[in-house]
Amino acid sequence: LWAGCAMAAGPVLLVLLAAGAVLPERDPLLNVCMDAKHHKSKPGPEGKLHDQCSPWKDNACCTANTSSEAHKDESNLYNFNWNHCGVMPPKCKRHFIQDTCLYECSPNLGPWIDQADSSWRRERILHVPLCQEDCEQWWEDCRDAVTCKENWHKGWNWATGWNRCPWGSMCRPFSEVFPRPKDLCEKIWSHSYKYTTSHRGSGRCIQMWFDPAQGNPNVIVAKYYSWKKRSSPAGMEDVAPESDQAVCALPWSVLLLLPLALVLLPVVARGCGSHGWGSL
């Protein structure tokens, strides 16, 4: 009788398992582009992305033209001039180019996309956990560069159509404007980034730099923080899964069919009962 009832319940379980296979779960925080000035509506391959943006060519939120503009001293992307306090050293500028490539091209920033209140974009990124090495090298290579502002998102003099230092501001070395790596990474773009002590390859921080031949390390980072955002009542509180393995959960399609299972299983049980369970 037990065997017969198990066989009778089998189709119900198969319905659930098949639903999970046929209707795969899609996480809205993964593999997405933000709603901003130059971003594509959804990520996809690009034939050729320019220079430092090239790691994202297999799956990008930017176009080839955007990647090319990201490398110019006076880019038409935002009419922004890196050399507002004299010529920015090349070793420093490469970090700002890489920062632009990450922002424009990465499809792995979904967990940190937030609403924006500006005229040129509806969404932005906020508190992206940047790997310690990336932030500290950025600061080290730019410490002798010169700027007049701590927050580069706002407060410029745009009278010429390009960003110029506000009246009365002084050009000072980065090391004075941003005394620590944390200050640079968190303040320069209105807290788009968050300084962390997590290391590259840990799966817990976003890398600005990576070798595409080794795969995109930010994919697993986005998955981890997407899980945190769904599972923690406080959103992105510092919680961790019980293990570093992928978190297993029932797909939404299976959950949708659970009510059907709850209807069918009692019918199966009654059928089994009429064949002798009630007398046990």
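See above for the structure.
Keep in mind that this is a model prediction, so the values were computed, not measured.

Undergrad: For this particular structure, what's the right way to read the packing of helix α3 (residues 90–105) against helix α4 (residues 132–142)?
TA: The packing of two helices is summarised by the inter-axis angle and the distance between the axes. The contact between α3 and α4 brings their axes to 7 Å, and the two run at 140°. For the element pair α3 / α4, the angle class is oblique. As α3 runs across α4, the sense of the crossing is left-handed. Counted together, Lys-91, Cys-92, Arg-94, His-95, Phe-96 and Asp-99 of α3 and Gln-137, Trp-138, Asp-141 and Cys-142 of α4 form the full contact between these two elements. Tallied by class, the residues present in the contact of α3 with α4 amount to four nonpolar, two polar and four charged.

Undergrad: Honestly, the pattern of salt bridges in this entry has me stumped. Any pointers?
TA: Oppositely charged side chains can pair when the atoms bearing their charge come close. Applying the stated criterion to the full structure yields 12 salt bridges. A salt bridge links Glu-69 to Lys-72, with the shortest nitrogen-to-oxygen separation between them at 2.8 Å. Owing to a relative accessible area of 9%, Glu-69 belongs among the buried residues under this scheme. Here Asp-183 and Arg-180 are joined by a salt bridge, their closest N and O atoms 3.1 Å apart. Relative accessible area serves as the criterion here: at 6%, Asp-183 is assigned to the buried category. Each of Glu-150, Arg-180, Asp-183 and Lys-187 takes part in salt bridges that share partners, so that together they form one network.

Undergrad: For this particular structure, what's the right way to read the environment of Phe-80?
TA: Assignment of secondary structure puts Phe-80 in strand β2 (residues 80–81). Sequence-wise, Phe-80 and Gly-161 are 81 residues apart; in three dimensions their C-alpha atoms are separated by 9.1 Å. Aside from chain neighbours lying at most four places away, what touches Phe-80 is Asp-73, Glu-74, Ser-75, Trp-152, Trp-156, Trp-158, Trp-162, Asn-163 and Trp-189.

Undergrad: What am I meant to see in the nonpolar core here?
TA: Soluble globular proteins tend to bury their nonpolar side chains together. If you look at the biggest cluster of nonpolar residues, it comprises 51 residues, and the most contacted ones within it are Trp-56, Phe-96, Trp-138, Trp-152, Phe-174, Ile-188 and Trp-189. A per-element tally of this core places α3 first, with seven residues. Ignoring sequence-local partners within four residues, the contact set of Phe-174 consists of Phe-96, Cys-142, Arg-143, Ala-145, Val-146, Thr-147, Trp-152 and Leu-184.

Undergrad: What should I look at first to understand the state of the cysteines in this one?
TA: Throughout this description, disulfide means a covalent bond between two cysteine sulfur atoms. Tallying each qualifying case throughout the model produces eight disulfides. One disulfide in the model links Cys-92 with Cys-142; its S-S distance is 2.0 Å. Here the disulfide of Cys-92 and Cys-142 is right-handed, its torsion about the S-S bond being about 100°. With Cys-92 in helix α3 and Cys-142 in helix α4, this residue pair connects regions lying 50 residues apart in the sequence. Here the two residues Cys-92 and Cys-142 agree in accessibility, since each one is buried.

Undergrad: Would you mind showing me how to read the environment of Lys-182 here?
TA: In this fold, Lys-182 is placed in helix α6 (residues 181–187). The exposure class assigned to Lys-182 is partly exposed, which follows from its relative accessible area of 31%. Sequence separation of Lys-182 and Gln-132 is 50 residues, and the distance between their C-alpha atoms is 9.2 Å. Excluding residues within four positions of it along the chain, Lys-182 makes contact with Cys-135, Lys-187 and Tyr-195.

Undergrad: What is the right way to look at the packing of aromatic side chains in this model?
TA: Any aromatic ring pair is given by two values, namely how distant the centres are and how the planes are angled relative to each other. Throughout the structure, instances matching the rule amount to 17 aromatic pairs. Between the aromatic rings of Trp-138 and Tyr-193, the centroid separation amounts to 6.2 Å while the plane-to-plane angle is 80°, which identifies the pairing as edge-to-face. Taken together, the residues Trp-138 in helix α4 and Tyr-193 in strand β8 (residues 193–195) connect sequence positions 55 residues apart. Judged by relative accessible area, Tyr-193 falls into the buried class, the value being 1%. Between Trp-152 and Phe-174, the aromatic rings sit 6.0 Å apart at their centres with planes inclined by 85°, giving edge-to-face as the arrangement. Taken as a pair, Trp-152 in the loop between β6 (146–147) and β7 (172–173) and Phe-174 in helix α5 (residues 174–177) lie far apart in primary sequence, 22 residues in all. Comparing Trp-152 with Phe-174 shows no difference in burial state: the two are buried. In this structure an aromatic cluster arises from ring pairing among Phe-80, Trp-82, Phe-96, Trp-138, Trp-152, Trp-156, Phe-174, Phe-178, Trp-189 and Tyr-193. Its guanidinium or amino end placed over the ring of Trp-156, Lys-149 lies 5.5 Å from that ring's centre, counting from NZ or CZ. Looking at Arg-204, its charged tip hangs above the ring of Tyr-224, at a distance of 3.6 Å from the centre.

Procedures and definitions
- Residues numbered from 1 in each chain as written.
- Predicted model: local features only at pLDDT ≥ 70, side-chain atom pairs only at ≥ 80, totals over all residues.
- Heavy atoms only, no water.
- Axes fitted to C-alpha atoms, helices over the stretch in contact; angles between N-to-C directions.
- Helix = DSSP H or I, 4+ residues; strand = E, 2+ residues; numbered from the N terminus.
- Parallel < 35°, antiparallel > 145°, perpendicular 65-115°, else oblique.
- Left-handed = near helix turned anticlockwise from the far one by under 90°.
- Contact = heavy atoms within 4.5 Å.
- Nonpolar A, V, L, I, M, F, W, Y, C, P; charged D, E, K, R; others polar.
- Salt bridge = Lys/Arg side-chain N within 4 Å of Asp/Glu carboxyl O.
- Buried < 20%, exposed > 50% of the residue type's maximum accessible area, 1.4 Å probe, protein only.
- Core = buried A, V, L, I, M, F, W, Y, C linked by side-chain atoms within 4.5 Å.
- Disulfide = S-S within 2.5 Å.
- Phe/Tyr/Trp six-rings, centres within 6.5 Å; stacked < 30°, edge-to-face > 60°.
- Lys NZ or Arg CZ within 6 Å of the ring centre and 35° of its normal.

Keep in mind that these numbers describe shape and distance, not what the molecule does.
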